[in-house]
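If you want the building blocks of each chain, they are given just below.
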Amino acid sequence: MMGLHKFSLKTVQLGLLTLAMFCAVTSTAQKTGTPPKRIDSTLTADPAGAMKGLTPAQRDSIRLARRTQTMVAGDSTGPIATRRPGDTTKARIDTFNLRLSKDTLTAPVNYEAEDSAVILAEEKRLILYGKTRTTYEDVVLTAPKVELDQKTNLLTAVADRDSLGEVLTRAKFEQKENNFESDTIRYNFKTQRGLTRNTFTTQQEMFIQGETIKKADSVTVYISRGRFTTCDYDEPHFAFRANKLKVINNKVAISGPMHPEFEGVPIPIYLPFGYYPLSSHRHSGLLAPQFVSTENQGIGLQGLGYYQVLNQHYDVTLRGDLYSYGSWAANLTSSYRVRYRYNGAFSLSLQNTKVNFKGDPDFLKSKTFNITWSHGMDQRARPGVTFSASVNAGSTKYNRLQMHDPQRNFMNQLGSSIAYSKTWKGKPYNLTLAANHNQNNTTRLINVTLPDASFTVNTIYPFERKHPIGDQRWYEKIGAGYRGAFQNRVSFFDSAFSVRQLLDTLQWAAVHDLPLTMSLPSLGPLIITPGITFQQQWMMMRQTQRLNPVTDKVDTTTAKGLYTATSLQFGVGVNTAFFGKFVVNKAKNAVIRHTVRPQFNMTYAPNLARSYYGKVKDSANGVLHDYNMYLGNMYSGYSNQEFGGMSFGIDNILEMKKRSRTDSTDRHIRLIDGFGFNSSYNFLQKERKLGDFYLYLRSTLFDKINLSVNSNLTPYAYDTLGNPVNRYAWKDGFRLGRLTTGNLTLSTSFRSKPRDPSKSSQPTRASSINVNDPTLLADQQRLLDYMRRNPNEFVDFNIPYDFSVDLAITFTRPYDVLRKKFRTDFHSSINFRNSFSLTPKWNFSTNGYLNLDDKKLEQFTLAINREMHCWQLSIGVTPVGYQRSFNISLSPKSSLLQNLRINRTRVFTDY
């Protein structure tokens, strides 16, 4: 009959390392048939009566557990030093040969149990009860019951069940990033393989349940009769069933034939296999398309492509669109990022558009392209040197032919800039080299400036002493600077491009600025800044005009060369500020503070432009008038009049100070951010010496409404033809002048507090795309484009409502010759965006553009979204606009299944 040793862990704490040594000695004796060599050592004395009632085998086990011995590191065969407790004599060292058993583990097994441990010494088995925890190397196992077999190195853990057979507590297994919860776990410490029953595990966003799971190694598991889903409910809303499944941790999951089920109901739709990338890093692979149906291009596939990771710094994405009427589009995108050096993205898009069939009256064929490039340089890579690029260029029809992007359809301006800048350390110099581009898609005119160079010398003080002693002298405050710029530009129409036209439109120009400044000490509240500015422009051509008596028309003659225009200006400026207070409520410490900042500048500029202003007789009425010979250049010289006058203006700020209701601190409220006017007065001008007044007002009302008002006022009266005359307007009546132009912009937004503040305001779908979609990495512009094309995927159900509106009003007052009075032309429009949730699961959002002049809604989009926990339903309708469309999609929220989308799209366009 085998011996049974059962101890309460509150009395004795046994280590499995002790059990392993004991079993190793026993195993040696059984194999050799002779008892092991005697270990000459002294046992610790036992307290009196401590072992009464125990069998000899139990006493031997306890003594072995309490024994104190130190193995000399190195060989498995070595001396053992034994010492009696309290003995100060030198320890006697005996040597012996100890042969370890083949089933000895490579590391100790540590365990703990809340209830008890049962050691079956002859069978080399250990059984733990009650909230056990067993660790071996990187393996951690917790279970209600654990059994360890020393002979087979096999560990068995089972779950705890109630009287009805329901599972109360499952066994949990952890190794690195492998986590399991099972009814039964069998694990071999030596081979690190295991077998589990009714197991639940998680891989990235995938939740997996398998009837039987085999652990092949530390990263690979095989699953039989598995169910996997991205829904985190115990009873998931949907899942996929497969008889065979292989999972490589943080790499990939591969399944055999599978079928979906919803709410536990199987759907008889079978797929031959499944491939699910689980890597949290970038990985190459196919990009699934979506089906669309358009009125003018037929049925198509959008977004079919492939993503390739070249290395840790570079990747490439190739996407294509195909349509049944013959249209196609291709997009090549590459992003790159080298940490602490540079990052950017490049995109090339080709588009071959065919609308309707050949021979149809509405047939349209167009080939367009678009190039975008963004590049940024880390300042730590090369201090003092920067290089940046922001390129957006292409065919003038490209934006108009884009689908699913109403905002881009109306984008008529494109621009690009590539710039290199260098600043010398310890020097006041700065060099900038740039290439710029802009194009108007309406006029189809394209301008390219290459190069655009500038060299700047910051203000230096040439008379300043190197080793000053005493106060600074007045002449040491004289400073000088320099700025030189050179530009070379070509212009052409994309519909009539030729090399000859390019050379004919070639223009270059340069400008030099040399400012002299002087810092004077302030005179009380007044700050005085005198200065002299010299500027010179270089042009490449000069035009002369004369009336041809034969044709009775004005002929223009152009001469090319180097021509200059010079300007010299002397000035002194005076600035100050003063304040005023008005007590509103003394008890509540409510005070309005008025800040006034007047500006006054005296300027004299001689007329140095007489040499390039000529006179020509008008062929219509024979009246001589002046013309500028430098018109048509990039710079056109300066004004043909002497200026000696002043410019002045007043800026005002209104603030309010009010005591807080919650504490004794004061709150500062900005009532008006700024309001005032600017104007000038020319003493040397013969008539109309007072210039127009520029009026402005800026304010943020209630910290919610942004208000900006600008207007231009002329102080002179006018004649019967609407021309200003040399008579002030207030002499004809009680009025300051006549408003000529003006604009008002009003914008506001209201956003409610989140329902659950603990949740992030950004939806999970948006954050997952930002991280996992390789086409959006390192390129913010593409992310914004994606958000515009797929706004439904970025709905935040945690926000009950979000509303914003922009109002723009402009007016001009031209003279109506027929009515012999000025008329007022208004132009106004409203942009609005809103999102509101009727319930925590339903969200409605709209955005549009309203033209108030025609009282016409020019663009409108409605989106309806239904939050379905692990899925999201989106319905989008664009009934008004250049492109009208309808879209309905049902897609999982998880980025792992972002291509598993049920989509239906119809597009109707006006070409």
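In what follows, the structure referred to is the one given above.
Our subject in this report is the structure included herewith. (Residues numbered from 1 in each chain as written. Predicted model: local features only at pLDDT ≥ 70, side-chain atom pairs only at ≥ 80, totals over all residues. Heavy atoms only, no water.)

Topic: the overall build of the protein chain
Point 1. Helix and strand counts for the protein chain come out as 6 helices and 56 strands.
Point 2. Within the protein chain, the fraction of its 911 residues that count as buried is 35%.
Point 3. Counted over contacts in the protein chain with a minimum sequence separation of 6, partners at least 24 positions apart contribute 50%. (Helix = DSSP H or I, 4+ residues; strand = E, 2+ residues; numbered from the N terminus. Buried < 20%, exposed > 50% of the residue type's maximum accessible area, 1.4 Å probe, protein only. Contact = heavy atoms within 4.5 Å.)

Looking at the packing of aromatic side chains
Point 1. If you walk through the whole model with that rule in mind, you get 33 aromatic pairs.
Point 2. Ring geometry for Phe811 against Phe826: centres 6.0 Å apart, planes inclined by 45°, an arrangement best described as tilted. Linking Phe811 in strand β48 (residues 801–812) with Phe826 in strand β51 (residues 825–839), this pair joins segments that are 15 residues apart in sequence.
Point 3. In this arrangement the basic side chain of Arg738 is found over the ring face of Phe822, its NZ or CZ atom lying 3.9 Å from the centre. (Phe/Tyr/Trp six-rings, centres within 6.5 Å; stacked < 30°, edge-to-face > 60°. Lys NZ or Arg CZ within 6 Å of the ring centre and 35° of its normal.)

Thoughts on the side chain of Ser699
Point 1. Looking at where Ser699 falls in the secondary structure, it is placed in strand β43 (residues 693–701).
Point 2. A polar contact is formed between the side chain of Ser699 and the backbone oxygen of Leu671, at a distance of 2.8 Å. (Polar contact = N/O pair within 3.5 Å; in protein donor to acceptor, adjacent residues only side chain to side chain.)

Let's talk about the environment of Leu286
Point 1. With respect to the helices and strands, Leu286 occurs in strand β22 (residues 285–287).
Point 2. Sequence separation between Leu286 and Thr317 is 31 residues; the distance between their C-alpha atoms is 9.7 Å.
Point 3. Those residues in contact with Leu286, other than ones at most four positions away along the chain, are Gly305 and Tyr306.

Brief notes about empty space enclosed by the protein
Point 1. What the rule picks out here adds up to 7 cavities of 30 Å³ or more.
Point 2. The space that makes up the second largest cavity amounts to roughly 70 Å³.
Point 3. In terms of lining, the second largest cavity is formed by Phe173, Phe180, Ile185, Arg186, Tyr187, Gly194, Leu195, Thr196, Ile213 and Lys215.
Point 4. Ranked by residue count, the leading element in the lining of the second largest cavity is strand β13 (residues 178–188), at 4 residues. (1 Å grid on protein atoms, 1.4 Å probe; cavity = no way out; pocket = protein on both sides within 12 Å on 5 of 7 lines; lining within 4 Å. Points joined across faces, edges and corners; volume = space filled by probe spheres on them.)

Digging into the pattern of salt bridges
For side chains bearing opposite charge, pairing can occur when the charged atoms are close.
Point 1. According to the stated counting rule, one finds 19 salt bridges in the structure shown.
Point 2. With a closest N to O distance of 3.2 Å, Arg225 and Glu211 form a salt bridge. Taken as a pair, Arg225 in strand β16 (residues 220–229) and Glu211 in strand β15 (residues 206–215) lie far apart in primary sequence, 14 residues in all.
Point 3. According to the relative accessible area criterion, Arg225 is partly exposed, its value standing at 49%.
Point 4. Overall, the relative accessible area of 44% leaves Glu211 in the partly exposed class.
Point 5. Measuring nitrogen to oxygen at the nearest pair gives 3.9 Å for the salt bridge that ties Asp673 to Arg670.
Point 6. The class for Arg670 is partly exposed, based on a relative accessible area of 39%.
Point 7. Connected through shared salt-bridge partners, Glu123, Arg125 and Glu147 make up one network. (Salt bridge = Lys/Arg side-chain N within 4 Å of Asp/Glu carboxyl O.)

Notes on the nonpolar core
In globular proteins that are soluble, nonpolar side chains generally tend to be buried together.
Point 1. By size, the foremost hydrophobic cluster in this structure holds 41 residues, and its most contacted members are Ala157, Met206, Phe228, Val247 and Tyr276.
Point 2. Ala509, Ala565, Tyr627 and Tyr638 belong to the second largest nonpolar core, which has 15 residues in total. (Core = buried A, V, L, I, M, F, W, Y, C linked by side-chain atoms within 4.5 Å.)

Concerning unusual backbone geometry
Point 1. For the bond from Leu450 to Pro451, the omega torsion is -5°, close enough to zero to count as cis.
Point 2. Its location among the elements puts Pro451 in strand β32 (residues 445–460).
Point 3. One non-glycine residue, Asn198, adopts positive backbone phi at about 50°.
Point 4. When you line up the elements, Asn198 lands in strand β14 (residues 193–203).
Point 5. The exposure class assigned to Asn198 is partly exposed, which follows from its relative accessible area of 24%.
Point 6. Phi is positive for Lys820, close to 55°, though the residue is something other than glycine.
Point 7. Assignment of secondary structure puts Lys820 in the loop between β49 (815–816) and β50 (821–822).

A word on a nonpolar patch on the surface
Point 1. Nonpolar side chains collect at one region of the surface, where Leu516, Ile532, Phe570, Val572, Phe600, Met602, Tyr604, Phe683 and Leu684 lie side by side and expose about 690 Å² of accessible area between them.
Point 2. Those elements that place two or more of their residues in the nonpolar patch are β36 (553–575) and β38 (590–605).
Point 3. Mapped onto the secondary structure, Phe600 falls in strand β38.
Point 4. Relative accessible area serves as the criterion here: at 31%, Phe600 is assigned to the partly exposed category. (Patch = residues over 30% accessible without salt bridge, like charges linked within 9 Å, V, L, I, M, F, W, Y side chains within 5 Å. Areas by Shrake-Rupley, 256 points an atom, 1.4 Å probe, with all protein chains shown as cover.)

Brief notes about the environment of Gly722
Point 1. For Gly722, the position within the fold is in the loop between β45 (716–718) and β46 (724–728).
Point 2. A sequence separation of 94 residues divides Gly722 from Asp816, and the C-alpha atoms of the two residues are 8.2 Å apart.
Point 3. In contact with Gly722, not counting residues within four places along its chain, are Tyr815 and Phe822.

What about the side chain of Thr861?
Point 1. With respect to the helices and strands, the residue Thr861 is situated in strand β53 (residues 856–868).
Point 2. The buried category is assigned to Thr861, whose relative accessible area is 18%.
Point 3. When neighbours within four sequence positions are excluded, Thr861 is seen to be in contact with Ser845, Thr846, Asn847, Val877 and Thr878.

So, the environment of Pro462
Point 1. Within the fold, Pro462 resides in the loop between β32 and β33 (478–493).
Point 2. When the C-alpha positions of Pro462 and Glu476 are compared, they lie 7.5 Å apart, and in sequence the two are 14 residues distant.

Description of the state of the cysteines
Point 1. Per the counting criterion, the structure on display carries 0 disulfides.
Point 2. Looking at the unpaired Cys231, the closest cysteine sulfur is the one in Cys870, lying at 3.7 Å.
Point 3. For Cys870, a relative accessible area of 6% gives the class buried. (Disulfide = S-S within 2.5 Å.)

Taken by themselves, the reported measurements are silent on function.
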